[in-house]
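# Reading the structure
Each chain, written out:
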There are 2 protein chains.
Amino acid sequence: METDTLIEDMASVQAHYRAVSANGTVSERSSTDEEMLDIATDTRFEYTDLADKSHGSTNLMDTLDDLPPGIGQYDDFHTIDWLRDISRDRIRHRQISKRKQDSCFAKVKVAHDAWSGWVCVLLVGCATGAFAAVIDVGTSWMSDLKEGICLEQFWFNREQCCWAVNDTTFDQNACSQWYSWSHLFGVSESSVFGSYMIKYIMYVLWAMVFATLAVMLVRVFAPYACGSGIPEIKTILSGFIIRGYLGKWTLIIKSVCMMLAVSAGLSLGKEGPLVHVASCCGNIFSYLFPKYGKNEAKKREILSAAAAAGVSVAFGAPIGGVLFSLEEVSYYFPLKTLWRSFFCALAAAFVLRSFNPFGNDHLVMFYVDYRNAWYLVELIPFIVLGVFGGIWGAVFIKGNIRWCRYRKSSNLGKFPITEVLVVTAVTAILAFPNPYTSDYQRNLTDATTDFTSANIDSGVTRAMWQLALALVFKMVITVFTFGIKVPAGLFIPSMAIGAIAGRMIGIGMEQLAYSHREHYLFKEMCHSGHTCVTPGLYAMVGACATLGGVTKMTVSLVVIMFELTGGLQYIVPLMAAAMTAKWIGDAFDKEGIYDAHIKLNGYPFLDSKEEFTHTTIAADVMRPKRTEPPLCVLTQDSMTVEQIEAIMRETDHNGFPVIVSAESQYLVGFVLRRDLSIAISSARTNHDGIVSNSVVYFTNHVPVNTVVGGPEPLKLRKILDMAPVTITDQTPMETVVEMFRKLGLRQTLVTHNGRLLGIITKKDILRHIAQLKNQDPDSILFN
Amino acid sequence: METDTLIEDMASVQAHYRAVSANGTVSERSSTDEEMLDIATDTRFEYTDLADKSHGSTNLMDTLDDLPPGIGQYDDFHTIDWLRDISRDRIRHRQISKRKQDSCFAKVKVAHDAWSGWVCVLLVGCATGAFAAVIDVGTSWMSDLKEGICLEQFWFNREQCCWAVNDTTFDQNACSQWYSWSHLFGVSESSVFGSYMIKYIMYVLWAMVFATLAVMLVRVFAPYACGSGIPEIKTILSGFIIRGYLGKWTLIIKSVCMMLAVSAGLSLGKEGPLVHVASCCGNIFSYLFPKYGKNEAKKREILSAAAAAGVSVAFGAPIGGVLFSLEEVSYYFPLKTLWRSFFCALAAAFVLRSFNPFGNDHLVMFYVDYRNAWYLVELIPFIVLGVFGGIWGAVFIKGNIRWCRYRKSSNLGKFPITEVLVVTAVTAILAFPNPYTSDYQRNLTDATTDFTSANIDSGVTRAMWQLALALVFKMVITVFTFGIKVPAGLFIPSMAIGAIAGRMIGIGMEQLAYSHREHYLFKEMCHSGHTCVTPGLYAMVGACATLGGVTKMTVSLVVIMFELTGGLQYIVPLMAAAMTAKWIGDAFDKEGIYDAHIKLNGYPFLDSKEEFTHTTIAADVMRPKRTEPPLCVLTQDSMTVEQIEAIMRETDHNGFPVIVSAESQYLVGFVLRRDLSIAISSARTNHDGIVSNSVVYFTNHVPVNTVVGGPEPLKLRKILDMAPVTITDQTPMETVVEMFRKLGLRQTLVTHNGRLLGIITKKDILRHIAQLKNQDPDSILFN
């Protein structure tokens, strides 16, 4: 019987295999990792011997006993290999815990290792809170500087200045120590026009000074400090190296320039930059703990927590921050990180609250103590706001990306300072006369009290006009502002636009309800003594809708909004608006603003939200393609140092598959270019026997005759990855994409019936996706 | 030069390959999936031809044009293959969207397909809310039935009864329509002892009746309805089939018996069972949408959302519910599911609120409107509560698991009804005299007002005694209650224990602060007019700590607690207690109660929280082992129907690898036993030409001479998975475990240099992990 023969045949092979893998029992080995690797390699190699019928081998040690430094690290603008880094960390962890019994010091080391993650996120949280507090105080002082100065204590802002002289009420004018510029310049307060003009001019002047300072500092000291930083942080967290992006200079310059830019009155916020600042803290503190500092994959756990802390201090929303990190920025988010992120976010919020920069007990910027209920009929305007948010989001993303692309490709990109100054001047000149544009906080909170009388009088009409003008102005200027070379967040301007739109609809609804008080729709709303409609709630809902439309955030957005305002009972209106905004926005384009900027910059970001729905298979994507030169491979035991160096010179691949031999193209392992190059040059320097003619062995067993006759062999088993991830050429691309996303691969090898056919890298996949979308595949710039 | 030869050689092979894969361009194919598969198979086969040098083949259609029904489904108690299911769904999705242009009906179908997920979770949310409302109302009615009855409208509970007769105040005794049993039985209210005894007896009697009913219903109609259900739901969500566990009978019986069990006064809650009820709704509604009902992996997205809705209605905590689903129960939780879960949870909470079962505007059971601040010094008792929670959690898990194991292995398991009755009787008899055990709601809310005077008088001393007794009683009885054969949740009893402990510490702190009012530690606390300490806050923190210790929940727990009580400002105390409880608990054992029960039942659950830290490699774990018979494989084109049937008869493997030939053991693909068996029997029935001697071809090309000479060949290409996941034998097990978890694999094939060596299934991994922990590997029961 054929089957029997087959089974017997397999049995014999497997018996051989089993005989040589005498150590392959399941019980946990107490041996060291080195021994384990040796046993493993022995097993593997014996089996190869069996198959290849080669005889007479000698088991030498590796040429490089200690790996030269630098192996396991990454070059700038390269993609990391999560599986390898996580595995490196486990080996490190095992080595520490193995020596646990040895000494007291070792025990302390184990405990330190176990706790270092918590300590690190605690430090990051505290530092983030402190930075946020300093930035808040600084911004407030600089913003007030545009209006006047506290003569005796110039480092006080207006509010503190008035407190210092014990003025019990904080009134606009009744503060004896605060000198407005018009007052200082001798213009009498009675000359309304003169005083106004002085104020106007000083406002514009200070704005220009702040903006110039900000853009110059960024240009000179830290070019990475500009923008919101979230697209880059998303890319970094997805496993990409951008050296210096989270460094100390970026941190300092971004913090300072953020204050300057916000104080300049530009249409930007400090929420996105705060996430960047927090991530810088995360990066810097991670170097205190080698576990995180020296392992790029582990470092990203700290960075995820730091991002949560950033949002936490930006909005006083620790839970929202964690969800933001989970939903929007993070890529690899195990549950342990969830818990640590929460801890980090809470620590940051707690520290910020201790500094109490807003002068009240609430953590939040826009605390709204609305107690009014909302009614089902109000869902209609809320959904209208959602539609507005979705459409605006789509328009904004398209407009902003087009403008940024124009900036990149035209001469405009060469004059960033001029651009910033022009935008600042336009913003300052147009914004000052309109109370709704010069101070965004008022849009969300104060104005509630303006319309309690709710009669259509000239006040309401004028306010509506001002709101409409502010809306148009904000919408236009924000498109041009986001992307200029100063730190610039998008949250606050987006929310401000939504809040203005919301307030307009809210006032409209109020007028409608007031004039149709007896209509059955409004009867219930106006039944008790209070006002029929709360326009502030509409502002909140509108802010949520536009922010949702722009960033395509979902759960985290709703949670941030209700943490921001303290209104747990408004979760349904917020949700309705956010969902409508997302659905409407997705109908235009599924990409959020951050993803659009990632794509604009050509970062290798494999979005985990997008579904891959095409019918291609691995064979379609893998390299080499038909028109390309064949795949560069190394053989395990027949190439010389010279040959390998030639291959490395002639190609720029980041790694090379190692196969059994030219005749038998079965995959043995994978070696990274960087490791190989470091190892060869290190061996050439330190070992005299290694010459150009030395044969390179990626195996553990070198045939005896080679050693006796020729030059000393170079053994590089240690740098060979013997477990590269492989797929068959028939694997559907959706599975391949899933594997890249979930396992954090850098590349995978494609085989057919065991034979090596080609390779697929992350870049290949991104190019493939871009091509399927009819986009330019060359827009993916990095590896 | 050797390298050149190699490169040339590779080039020639690849040129061949490229020549035959003429269609392998990257551009998206407009061809159908069928065509795509054909091209793909052609490519693959041509390449095999090239390698195997076989000539003269004819391209016939598959024997089975339409796959017989049942292929792609799973047997009961089997593990699903996520990758395969997700890929099946994408094929289905592409088939629908391809026909989008054809007709208006097709367009509707596409829209329906896109929206069905949202519609489904909306229905699930509404149904869950409705079930929760019915259960709440029913429980309240039955609980009151133990005390008395509303004679005129017997279907009213006490509160409604009093409302019905327009008694404006809801006082204990001033309700004319409500008749207590002692009153009905003619015992005059003046005879205090007689009235008390009647109450006592009726209480115990009704409890016994309810418990008997509950256990009988469960026994007779739905054995799966007992317990909390969360361990099983976790297992199901991790990709396991338990038929009927989420069926309609389980839903109905669980809902009814939950009311009975809670009303019986047993030390159990309805929170866990509500998650089960919600999941049943999810399962039932998913059958309305074939996209979800017929695809086990997609169905689990709905079930994840349903679990969130369950917690949402249990605690009125939609965000906590989503986080609970994410952190505790779900396995595969893409961001789309996060958003849908939130929607589902919110819909459920909204429907429940519309029914308004608690008679007030709050969604929550234990709404606490504390406005008092907490002070830093209070963190010490909070951390003490955390320590208590952690220790109690560890003790409870150990005790409960030991008791459950004893029940399983001894005769006790044969008398579930007796056990329930004994536990009920003991609970009822001991609980009735103590006000702190008979009504758990009071523990969390009412008692705040009891001690405002805060003098050590006999009232406080008596309350402390009663609390201590209640604590001991609750702790002991809960260990024996969780696991009896009625629906039984663990949240409420755990929280009650913590709340009692917290209240005791709170009262202690209050006395301490009151008697040392002038001490510098307490000075700040007692400065204003209000009470120094809020014992209710301690109860809340204690509840959080014990629940954390028992379930090992973290972020979701804190969020549930603050949504439950509405106290956003108490997030730091809650967090401190929860973290301490988790750390202390983890020092004993990292397993939560649900994981412990999963292990007790031997379910194949691969915990994504546990880290695999051992040094074993794939070769150590794979089957066959040395002592075992060789791996069962099929060849792609040389085995007869008879031979395959023999192999299937003699082995019970769930799938078979297909290799090139007995001589060339390179992997071609993988075929599932179930599919193979269905296909062969279907072919034997429907095709007369298929006889025992027919050769089975897993390829598309059948050599001509075979067709001419012998019996009709059986072509089974369609059921072959040509892209099985493979790993090398050197792959570290931590990577393998990671792949199983993240990709949701059912098995992976182990190769060495392309040759098939063995197979690793999920069960093998679980057995391996159990072995490494020195546990019995045979405790893993299912595949």
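Residue numbers here run from 1 along each chain, matching the order of that chain's written sequence. Whichever chain is written first becomes A and whichever ligand is written first becomes 1, with later ones labelled in order. Under the rules for a predicted model, residues below a pLDDT of 70 receive no local features and side-chain atom pairs below 80 are neither given nor counted, while totals for whole chains, interfaces and linings still include all residues.

Let us look at the overall build of chain A. A count of helices and strands for chain A gives 31 helices and 13 strands. Each residue is classified by how many other C-beta atoms fall within 10 Å of its C-beta atom, where C-beta atoms are placed from the backbone; a count of 20 or more means buried, 12 or fewer means exposed, and values in between mean partly exposed. Among the 783 residues that make up chain A, the fraction classed as buried is 52%. Summarising the internal contacts of chain A: among those between residues at least 6 apart in sequence, 75% fall at separations of at least 24. Numbering of helices and strands runs from the N terminus, with a helix taken as a DSSP run of H or I at least four residues long and a strand as a DSSP run of E at least two residues long. The contact criterion used here is simple: two residues whose C-beta atoms, placed from the backbone, lie within 7 Å are in contact.

Residue and element names in this part refer to chain A. If you check which residues of helix 25 (residues 593–601) are buried, you get Ile593, Tyr594, Asp595, His597, Ile598 and Lys599. Looking at the buried residues of helix 25, the elements they touch are helix 8 (230–237), helix 15 (379–409) and helix 22 (535–551). Two residues or fewer past helix 25, Gly602 is found with a positive phi of approximately 70°.

Turning to the nonpolar core, a few remarks are in order. Nonpolar core, as used here: buried Ala, Val, Leu, Ile, Met, Phe, Trp, Tyr and Cys residues forming one set through C-beta atoms within 7 Å. The biggest cluster of nonpolar side chains holds 434 residues, and the ones touching the most others in it are A:Val124, A:Ala261, A:Cys544, B:Val124, B:Ala261 and B:Cys544. Among residues more than four places away in sequence, those in contact with B:Ala261 are B:Ala211, B:Ala214, B:Leu266, B:Leu268, B:Val486, B:Pro487 and B:Ala488. Membership of the second largest hydrophobic core comes to six residues, among which are B:Ile149, B:Cys150, B:Phe156 and B:Cys161.

Another point: the packing of helix 10 (residues 271–286) of chain B against helix 12 (residues 296–315) of chain B. Packed helices, taken two at a time, are described by the angle their axes make and the gap between the axes. All names here are of chain B. Interaxial angles span 0 to 180 degrees and are taken between N-to-C directions of axes, which are lines fitted to C-alpha atoms, for helices over the stretch in contact. At their nearest, the axes of helix 10 and helix 12 sit 7 Å apart, and the two run at 145° to each other. With respect to the hand of their crossing, helix 10 and helix 12 are arranged in right-handed fashion. Contacts between helix 10 and helix 12 involve Glu271, Leu274, Val275, Val277, Ala278, Ser279, Cys281, Gly282, Asn283 and Ser286 on the former and, on the latter, Lys299, Ile302, Leu303, Ala305, Ala306, Ala307, Ala309, Gly310, Val311, Val313, Ala314 and Phe315. Here a crossing is called left-handed whenever its near helix is offset anticlockwise from the far helix by less than a right angle, and right-handed whenever the offset is clockwise.

Our focus in this paragraph is the UniProt feature "domain: CBS" (unreviewed entry) in chain A. Residue and element names in this part refer to chain A. UniProt positions are given in the numbering used here, feature names are shortened, and annotations may be inferred rather than shown by experiment. UniProt annotation of "domain: CBS" (unreviewed entry) refers to residues 622–689 and 720–779 when read in the numbering used here. The straight-line gap between the two end C-alpha atoms of residues 622–689 is 39 Å; of that span, 35% is helix and 22% is strand. Between the end C-alpha atoms of residues 720–779 the distance is 32 Å, and the span holds 37% helix and 27% strand.

Looking now at the sheet that holds strand 7 (residues 667–672) of chain A. All names here are of chain A. If you walk across this open sheet you meet the three strands as 4-6-7, and the pairing is mixed. Among the strands making up the open sheet, the edge pair consists of strand 4 (634–635) and strand 7. The pairing of strand 6 (residues 655–659) with strand 7 spans five bridges and is classified as antiparallel. Its bridge partner being in strand 7, Gly655 is matched across the sheet by Leu672. Along the sheet face, helix 28 (residues 673–686) touches strand 6 and strand 7 and points at about 75° away from the line of strand 7. Any two strands with at least two DSSP-identified bridges between them are counted as paired.

Below, the discussion takes up the sheet that holds strand 5 (residues 639–640) of chain B. All names here are of chain B. Pairing is mixed in the open sheet, where three strands are placed in the order 5-8-10. Of all strands in the sheet, those with a lone pairing partner are strand 5 and strand 10 (714–715), marking the two edges. Bridge analysis of strand 5 against strand 8 (residues 695–697) gives two bridges, and the strand direction is antiparallel. Within strand 8, the residue paired with Met639 across the bridge is Val696.

This paragraph deals with the environment of B:Leu338. With respect to the element layout, B:Leu338 can be found in helix 14 (residues 335–355). For B:Leu338, a count of 24 C-beta atoms within 10 Å corresponds to the buried category. C-alpha separation for the pair B:Leu338 and B:Arg219, spaced 119 residues apart in sequence, amounts to 36 Å. Residues in contact with B:Leu338, not counting those within four places in the same chain, are A:Glu327, A:Val555, B:Val322, B:Leu326 and B:Phe333.

What follows concerns the packing of helix 7 (residues 192–221) of chain A against helix 16 (residues 416–431) of chain A. All names here are of chain A. Contact geometry for helix 7 and helix 16: axes closest at 9 Å, N-to-C directions at 155°. Taken together, helix 7 and helix 16 sit at an angle that is classed as roughly antiparallel. When the axes of helix 7 and helix 16 are compared, the crossing they make is right-handed. Listed contacts from helix 16 to Tyr203, Val204, Ala207, Met208, Ala211, Thr212, Val215 and Arg219 of helix 7 are Pro416, Ile417, Val420, Leu421, Thr424, Ala425, Ala428 and Ile429. Grouping the constituent residues of the contact of helix 7 with helix 16 by class yields 13 nonpolar, two polar and one charged. The cut-offs work like this: below 35 degrees is roughly parallel, past 145 is roughly antiparallel, 65 to 115 is roughly perpendicular, and the gaps in between are oblique. Any residue that is not Ala, Val, Leu, Ile, Met, Phe, Trp, Tyr, Cys, Pro, Asp, Glu, Lys or Arg is counted as polar, Gly included; the first ten are nonpolar and the last four charged.

Moving on: the pairing of strand 12 (residues 747–752) of chain A. Residue and element names in this part refer to chain A. Within strand 12, six of the six residues are buried, which leaves it mostly tucked inside the rest of the structure. Side-chain alternation along strand 12 places Gln747, Leu749 and Thr751 on one buried face and Thr748, Val750 and His752 on a second face that is also buried. Summarising the sheet, strand 11 (residues 726–728) and strand 12 pair through three bridges and their orientation is parallel. Bridge pairing in strand 12 links Thr726 to Leu749.

The omega angle of the peptide bond from A:Arg623 to A:Pro624 is -5°, so this bond is cis rather than trans. Within the secondary structure, A:Pro624 sits in the loop between helix 26 (618–621) and strand 4. For A:Lys552, which is not a glycine, the phi torsion comes out positive at approximately 60°. With respect to the element layout, A:Lys552 can be found in the loop between helix 22 and helix 23 (555–565). Here the phi dihedral of B:Asn753 falls at roughly 45°; this positive angle occurs in a residue that is not glycine. With respect to the helices and strands, the residue B:Asn753 is situated in the loop between strand 12 (747–752) and strand 13 (755–761).

The next thing to look at is the environment of A:Cys532. Residues and elements named next belong to chain A. Among the secondary structure elements, Cys532 is positioned in the loop between helix 21 (520–523) and helix 22. Taking the C-beta count within 10 Å as the criterion, Cys532 has 22 such neighbours and is therefore assigned buried. Between the alpha carbons of Cys532 and Glu510 there is a distance of 6.5 Å; along the sequence they are 22 residues apart.

Our focus in this paragraph is the confidence of the model for chain A. Residue and element names in this part refer to chain A. Summarising the model, chain A shows a mean pLDDT of 80, and 81% of its residues fall at 70 or more. A score between 0 and 100, pLDDT records how confident the predictor is in each residue. Across residues 360–365, confidence stays below pLDDT 50; counting only partners more than four residues off in sequence or on other chains, it has 13 contacts. The low-confidence segment residues 440–455, where pLDDT is below 50, has 30 contacts with residues more than four positions distant or belonging to other chains. Scored by ipTM, the complex comes to 0.82, with pTM at 0.85.

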